[in-house]
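Observations on the three-dimensional arrangement
Below, each chain spelled out in residue letters.
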Amino acid sequence: MEVAFILEKLIFIVLVFAVTMLFALYSTYAERKVAGFLQDRYGPNRAGPFGLLQPICDGAKLFSKEEFMPNTPNKILFVVAPAIAMSVSLLGVAVIPWAEKFEIPGYGEVMGYIGDVNVAVLYIVAVLSTSVYGVVIGGWASNNKYSLMGSIRAGAQMISYEIAMGLSIIALVMMTGSLSLVEITQQQSGWNGLQWNIWYQPLTFIIFLVCSFAECNRTPFDLAECESELVNGHHTEYSSLGMGFFMFSEYASMFFSSAFISVLFFGGYNYPGIDWVNENWGLNIANGLGVLTLLVKTTFFIFFYMWVRWTIPRFRYDQLMKLGWKMLFPLAIVNIFLVGIAILIFK
């Protein structure tokens, strides 16, 4: 493997990691601003202009806090759990196609993604299924019954909704005929956006979106950390960086989930007129706008996550499990049959 190729991928990995962390950092600021707007209050407005330095102040506060270690025989697992949660939340962005390619004078073409894996969708499902380990191990290693209850709830919830999410993706894969996110994105190219999968698979999108809320432990599916019954759920005993890692992993997962939804259903980096821009303004400008387009779509879904959180009250646990097993699971199976029938009729 050429050294230049390795350096190219390393630079792209650093860029994607930096963008993910920046979005995760300022999602905490946006969350409080959106909550303030919906509740008719200001939100952070003291640290820096418009409160923009508030996330940096929060990070400094977490770094400077004492690292508390509970009386637990599983000290290693207690330390490792937040690292697992944080690492898993960052793995998915490796296969997100941010653009088609760029042209660098004197070097050649650079593809707009870290890796084009021909089973990218399967890879993402596998990564998402391992995210439960950080939560469960953290709650169990805390030696706290409230934390353990929260982690068990989270494990049951995430496993339940992963099944419906996986089945909804099967319907989409049946239509596209590919597990590669690069190919799925290319199939949605067009001048007017009518090729986007959202128009052909609205039911798949709804199922996937609801399951994404549950996977990210976002309201109304945040039973794993609801304060009324479980104090603060699986991260009750965590402080300083441990608490920060769990919090950041949630926002990093939200960023990845929003980007994944944008790629699967809303054309990814494609925007109306991308071919015209490519022909008249050049490849780099067209794909630069493509990166911005994907980030705008991702930002919208991050806002949507926050909007729902501060609008809808959380479910009871029995309601949450009933929705997953008795409604979304059968609906996802029916959706597969409907997509199969549509493929037989129209293809």
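This section reports on the structure supplied with the text.

The rules we used
Residues numbered from 1 in each chain as written. Predicted model: local features only at pLDDT ≥ 70, side-chain atom pairs only at ≥ 80, totals over all residues. Heavy atoms only, no water. Helix = DSSP H or I, 4+ residues; strand = E, 2+ residues; numbered from the N terminus. Contact = heavy atoms within 4.5 Å. 1 Å grid on protein atoms, 1.4 Å probe; cavity = no way out; pocket = protein on both sides within 12 Å on 5 of 7 lines; lining within 4 Å. Points joined across faces, edges and corners; volume = space filled by probe spheres on them. Nonpolar A, V, L, I, M, F, W, Y, C, P; charged D, E, K, R; others polar. Expected span 1.5 Å × (residues − 1). Polar contact = N/O pair within 3.5 Å; in protein donor to acceptor, adjacent residues only side chain to side chain. Axes fitted to C-alpha atoms, helices over the stretch in contact; angles between N-to-C directions. Parallel < 35°, antiparallel > 145°, perpendicular 65-115°, else oblique. Left-handed = near helix turned anticlockwise from the far one by under 90°. Pairing = 2+ DSSP bridges.

On to the side chain of Ser147. Summarising the element assignment, Ser147 is placed in helix α5 (residues 145-176). Setting aside its immediate chain neighbours within four residues, Ser147 contacts Gly139, Ser142, Gly233, His234, Thr236 and Glu237.

Next up on the list: empty space enclosed by the protein. In total, this model carries 1 cavity of 30 Å³ or more according to the counting rule given. As a volume, the largest cavity reaches approximately 360 Å³. Lining the largest cavity are 24 residues, and of these Ser131, Glu215, Cys216, Ser249 and Ser253 lie nearest its centre. Looking at the lining of the largest cavity, the elements that each hand over two or more residues are α3 (75-91), α4 (120-141), α5, α7 (202-215) and α9 (240-265). Of the residues assigned to the lining of the largest cavity, the class counts are 12 nonpolar, 9 polar and 3 charged.

Taking 1.5 Å of rise per residue, 32 residues should cover 46 Å, and α5 covers 46 Å from first to last C-alpha, within 8% of that figure. Capping the start of α5 is the job of one residue whose side-chain oxygen sits 2.7 Å from the backbone nitrogen of Tyr146: Asn144.

Taken N-terminus to C-terminus, the directions of helix α1 (residues 3-38) and helix α11 (residues 283-309) make an angle of 40°; their axes are 10 Å apart at the nearest point. Judged by the angle between their axes, α1 and α11 are oblique. The handedness of the crossing between α1 and α11 comes out as right-handed. In this structure, α1 contributes Val19, Phe23, Ser27, Ala30, Glu31, Val34 and Leu38 to the contact, and α11 contributes Leu295, Thr299, Ile302, Phe303, Met306, Trp307 and Arg309. Of the residues contributing to the contact of α1 with α11, the split by class is 10 nonpolar, 2 polar and 2 charged.

All right, on to the pairing of strand β2 (residues 108-111) then. Sheet topology places strand β1 (residues 101-104) next to β2; 4 bridges connect them, and they run antiparallel. From the neighbouring strand, Glu103 faces β2, where its bridge partner is Glu109. Linkage of β1 to β2, two consecutive antiparallel strands, is achieved through a turn of 3 residues, within which Gly106 is found at a positive phi near 85°.

Shape descriptors only; they carry no functional weight alone.
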